[in-house]
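Geometric and topological summary
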There are 2 protein chains.
Amino acid sequence: MPRFAFSISATDGAARRGAIAMERGTIRTPAFMPVGTAATVKAMKPEGVRGSGADILLGNTYHLMLRPGAERVARLGGLHRFMGWERPILTDSGGYQVMSLGELTKKSEEGVRFKSHLDGSLHMLTPERSIEVQRLLGADIVMAFDECTPFPATPEQAESSMLRSMRWAKRSREAFDGGEEHAGRAALFGIQQGSMIEALRRRSSDALIEIGFDGYAVGGLAVGEGHEAMCGVLDFAAAMLPAERPRYLMGVGKPDDIVEAVRRGIDMFDCVLPTRSGRTGQAFTLDGPINIRNARFAEDRDPLEPGCPCPTCTTYERAYVHHLVRSGEILGAMLMTEHNLWFYQRLMQGLREAIGERRFAAHSAEFLTRYRSSLRRRP
Amino acid sequence: MPRFAFSISATDGAARRGAIAMERGTIRTPAFMPVGTAATVKAMKPEGVRGSGADILLGNTYHLMLRPGAERVARLGGLHRFMGWERPILTDSGGYQVMSLGELTKKSEEGVRFKSHLDGSLHMLTPERSIEVQRLLGADIVMAFDECTPFPATPEQAESSMLRSMRWAKRSREAFDGGEEHAGRAALFGIQQGSMIEALRRRSSDALIEIGFDGYAVGGLAVGEGHEAMCGVLDFAAAMLPAERPRYLMGVGKPDDIVEAVRRGIDMFDCVLPTRSGRTGQAFTLDGPINIRNARFAEDRDPLEPGCPCPTCTTYERAYVHHLVRSGEILGAMLMTEHNLWFYQRLMQGLREAIGERRFAAHSAEFLTRYRSSLRRRP
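Bear in mind the structure is a predicted one, so any value in this text is a computation, not a measurement.

**So, the overall build of chain A**
In terms of helices and strands, chain A carries 16 helices and 16 strands. The C-alpha radius of gyration of chain A comes to 20 Å, within 12% of the 21 Å expected for a compact globule of 379 residues. Structurally, chain A occupies a C-alpha span of about 60 × 45 × 45 Å along its principal axes. Every one of the 379 residues in chain A was classed for burial, and the buried ones make up 56%. Partitioning the contacts of chain A with sequence separation of at least 6, the portion at a separation of at least 24 is 67%.

**A word on the relation of the copies chain B and chain A**
In screw terms, the move from chain B to chain A is a rotation of 180 degrees and a rise of 0.0 Å along the axis, fitting with an RMSD of 0.0 Å. Expressed as a symmetry operation, the mapping of one chain copy onto the other fits a two-fold axis. Measuring from the rotation axis to each C-alpha of chain B, the shortest distance belongs to Ile330 of chain B, at 3.6 Å. Most of the interface of chain B is mirrored in chain A, where 100% of its interface residues again form contacts.

**Observations concerning the pairing of strand E1 (residues 4-12) of chain A**
Residues and elements named next belong to chain A. In the sheet, E1 pairs with strand E2 (residues 15-22) via eight bridges, with the strands oriented antiparallel. By the bridge assignment for E2, Ile8 is matched with Gly18. The antiparallel pairing of E1 with E2 creates a hairpin that spans two residues between the two strands, and Gly13 there sits at a positive phi of about 65 degrees.

**Looking at the sheet that holds strand E3 (residues 25-29) of chain B**
Residue and element names in this part refer to chain B. With antiparallel pairing, the three strands of this open sheet are ordered in space as E1-E2-E3. Two strands bound the open sheet, and with one partner strand each, they are strand E1 (4-12) and E3. Neighbour to neighbour, the strand axes of the sheet diverge by 15 degrees on average, direction disregarded.

**Observations regarding the interface of chain B and chain A**
Contact residues are listed per partner, giving 29 residues for chain B and 29 residues for chain A. Of all the secondary structure elements, the ones that give two or more residues to the side of chain B that touches chain A are helix H3 (70-75), helix H4 (79-83), helix H13 (318-326) and helix H14 (330-356) of chain B. The residue inventory of the side of chain B that touches chain A, partitioned by class, reads 15 nonpolar, five polar and nine charged.

**As for the sheet that holds E2 of chain A**
All names here are of chain A. Ordered by their spatial adjacency, three strands build an open sheet running E1-E2-E3, and the pairing between neighbours is antiparallel. Both edges of this open sheet fall to E1 and strand E3 (25-29), since each of them pairs with a single strand only. Going across the sheet, the axis of each strand differs from the next one's by a mean of 15 degrees, ignoring polarity.

**Some thoughts on the domain arrangement of chain A**
Residue and element names in this part refer to chain A. Once the domains are mapped, chain A shows domain 1 (4-270) and domain 2 (278-377). Between domain 1 and domain 2, the C-alpha centre-to-centre distance is 27 Å. Listed per partner, the contact involves 27 residues of domain 1 and 24 residues of domain 2. Elements supplying a minimum of two residues to the side of domain 1 that touches domain 2: E1, E2, strand E4 (31-33), helix H1 (46-51) and helix H11 (255-263). Among the elements that make up the side of domain 1 that touches domain 2, the one with the highest residue count is H11 (six residues). In terms of residue class, the side of domain 1 that touches domain 2 is made up of 14 nonpolar, six polar and seven charged.

**Details of the nonpolar core**
Residues Phe189 of chain A together with Phe189 of chain B are the most contacted members of the largest nonpolar core, which totals 236 residues. Residues in contact with Phe189 of chain A, not counting those within four places in the same chain, are Ile141, Met143, Ala144, Phe213, Asp214, Gly215, Tyr216, Ala217 and Tyr248 of chain A.

**Some points on H14 of chain B**
Residues and elements named next belong to chain B. With 27 residues, H14 extends 39 Å between its outermost C-alpha atoms, agreeing within 8% with the 39 Å of an ideal straight helix rising 1.5 Å per residue. Most of H14 sits inside the fold, with 22 of its 27 residues counted as buried. Phi turns positive one or two residues past the end of H14, at Arg358, with a value near 50 degrees.

**Some words on the pairing of strand E12 (residues 215-218) of chain B**
Burial along E12 of chain B is two-sided: the residues Gly215 and Ala217 of chain B and Tyr216 and Val218 of chain B are all buried. Once you follow E12 of chain B into helix H10 (residues 227-240) of chain B and on to strand E13 (residues 247-249) of chain B, the crossover reads as right-handed.

**Some words on the environment of Gly288 of chain B**
All names here are of chain B. Mapped onto the fold, Gly288 is located in the loop between strand E15 (282-283) and strand E16 (290-291). Residue classification places Gly288 among the partly exposed positions, given that 17 C-beta atoms sit within 10 Å. When the C-alpha atoms of Gly288 and Gly53 are compared, they prove to be 21 Å apart, with 235 residues separating the residues in sequence.

**Things to note about the environment of Tyr320 of chain A**
Relative to the assigned elements, Tyr320 of chain A resides in helix H14 (residues 318-326). The exposure class assigned to Tyr320 of chain A is buried, which follows from the 29 C-beta atoms found within 10 Å. The spatial distance from the C-alpha of Tyr320 of chain A to the C-alpha of Thr105 of chain A is 44 Å, given a sequence separation of 215 residues. Setting aside chain neighbours within four positions, we find Tyr320 of chain A in contact with Phe82 and Met83 of chain B.

**Quick look at the packing of helix H6 (residues 127-137) of chain B against helix H7 (residues 155-178) of chain B**
All names here are of chain B. Orientation of H6 relative to H7, taken along the N-to-C sense of each, is 45 degrees, at an axis distance of 8 Å. On the basis of their axis angle, the class for H6 and H7 is oblique. Viewed along their axes, H6 and H7 form a crossing whose handedness is right-handed. Residues Pro127, Glu128 and Ile131 of H6 form the contact with H7, whose participating residues are Trp168, Arg171, Ser172, Ala175 and Phe176. Across the contact of H6 with H7, the residue classes tally to five nonpolar, one polar and two charged.

Reading the values: rules and limits
- Residues numbered from 1 in each chain as written.
- Chains lettered and ligands numbered in written order.
- Predicted model: local features only at pLDDT ≥ 70, side-chain atom pairs only at ≥ 80, totals over all residues.
- Helix = DSSP H or I, 4+ residues; strand = E, 2+ residues; numbered from the N terminus.
- Rg over C-alpha atoms; globule rule 2.2 N^0.38 Å.
- Buried ≥ 20, exposed ≤ 12 C-beta atoms within 10 Å, placed from the backbone.
- Contact = placed C-beta atoms within 7 Å.
- Least-squares fit on C-alpha atoms with pLDDT ≥ 70 in both.
- Pairing = 2+ DSSP bridges.
- Axes fitted to C-alpha atoms, helices over the stretch in contact; angles between N-to-C directions.
- Nonpolar A, V, L, I, M, F, W, Y, C, P; charged D, E, K, R; others polar.
- Domains from an automatic or database assignment.
- Core = buried A, V, L, I, M, F, W, Y, C linked by C-beta atoms within 7 Å.
- Expected span 1.5 Å × (residues − 1).
- Right-handed = clockwise from strand over helix to strand, strands pointing away.
- Parallel < 35°, antiparallel > 145°, perpendicular 65-115°, else oblique.
- Left-handed = near helix turned anticlockwise from the far one by under 90°.

Here it is, written out as structure tokens:
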């Protein structure tokens, strides 16, 4: 198997269908990566995650470096062995989460000093340390360490933040290339920043391409700008990134966000939404999300989503899941999460097939009309 | 299939190996019944429970009558359909839990009036209503409504409580026989009371036998009397119950409790210990229980129990489960519970085989020596 080979098998407008071949397995694109924050996709066994159709997971550098610790994971044989997931894992750089800690952090050109939210202990993340942590975890796809520009930002803030991220991208590349092991097996992605400003996104892309990466992420979106503004940025930002490399929209998103991003040429996604909202009672369906805690489901004998082939829907009725979630039962979180992961993977499979058959416009219009009309019906 | 047919295939001293054949499946005895309080064995899918070797589950009448409600479960097709468990289910009578509510209850000859711990609503449990609830749930084995005599009790309290339970046993039998559906398919068990007093246990057994039941339970143990006192009561109490009927020791217990009760002729057990302690980090092993949260397991690469064939032990290391449980991850509860259920079912299988080969004494001595020596080593 190649270290990292991205091939595009079909395009439809800007949308692309393809695959990333890596040593640990092939990632069908457009791909959705379930989030396995603390070395587990919450409430799921790895075989269940794979059963939903996931080709790759995301692991969180910030959480894992604090607990159980990157060096410990390395001593235990790496994250794949530790958590029983044999396929590819992408790790984020930790930057986004460290900077969300607010007053617990101190930023400098060197990196970010921060206090652990677990025990208050002091830590430092730099481009070099982030790459080292991701190497210790054994990530297949490593993300450059960057600063996710806050929203909203003034043009000056956006430029200065983007330029720092580009300097950190270069240091990330150098740290990655200095590590024998990584250079041999893993891939490195750079992250475009520039807030909502086209010229900054262009300069960021040019800087990243100059450094050279295996794939390119769009960062700094899904930070509160809203669906329309996000689409507006993607209208210009996605096409700036090399067509022959996978494009990854970080932290996105809702099903309709994903459809619109695929339309604009994005290939990879990650989001906690299917797992987190599953634990709080929100089930995704083609007719829009439903909150299974709602009293109207107490004796509803339909599955969560009629027609869904997932293990939850082929075995249980809404009334049962309603009971479990209302009762705070762990099995409720398990069944809801599994359904939502299947929903997201079916969404991606539907998009891939539509692109392959060059009917993305019709497919996405049909999906969005149905999905959103229900949202309007139940405000 | 017969409605209820108990056969004994081997005996070794007072210990018996056998099987209960019922419409929904055969229950190998001695049997351990995992507890599915709120229509779920916590943190487990039904296929995982079955995978551990369980032939029958226990459901809690008290919890289910309050949420989702017995009439609702009946409208939804019964408990088996609701929770996706096709094999036999035994339901308790609700009496034990109602009387644990303390000041929220008011006892009379009629039954027990109580306030729901969920919403403070008023309810009444009588022998007639308990049997009706268990019928609505669709239980395969129905328990007579009784009063679990508190411990300690004076001889007068013990006698008066036992006599009331015997009057309630008769009313339970009459209510059960009045229900067409139950009489056709389900089995009814009576419950021996009498506290720690041999003469009272004898009178209770005689009264139950006079009424006539499909099986007989020993009630009023595992209430704080301790292992030795429990064994002391079983020394006389078990043999008072008809040899040709299954004997069920309610709410027991620890692995060594189970071994000693099987030695004295008990055939069935239920206990929350493997599930509840799994969720708090206690894993059962042949070398005694371990608390996986302990720092010494942080980099332990053994499975929870070396040699255990369960899905947790064949996939994960202690270090991983330690991390999950310490991090409060749902998967930690899932993996720990599954291991513990397998441990209990392997314990029962080992006892059944030892009885079949008439080596119960040697087998139990070996098991107990190993299990307890480790308990002494780690005070």
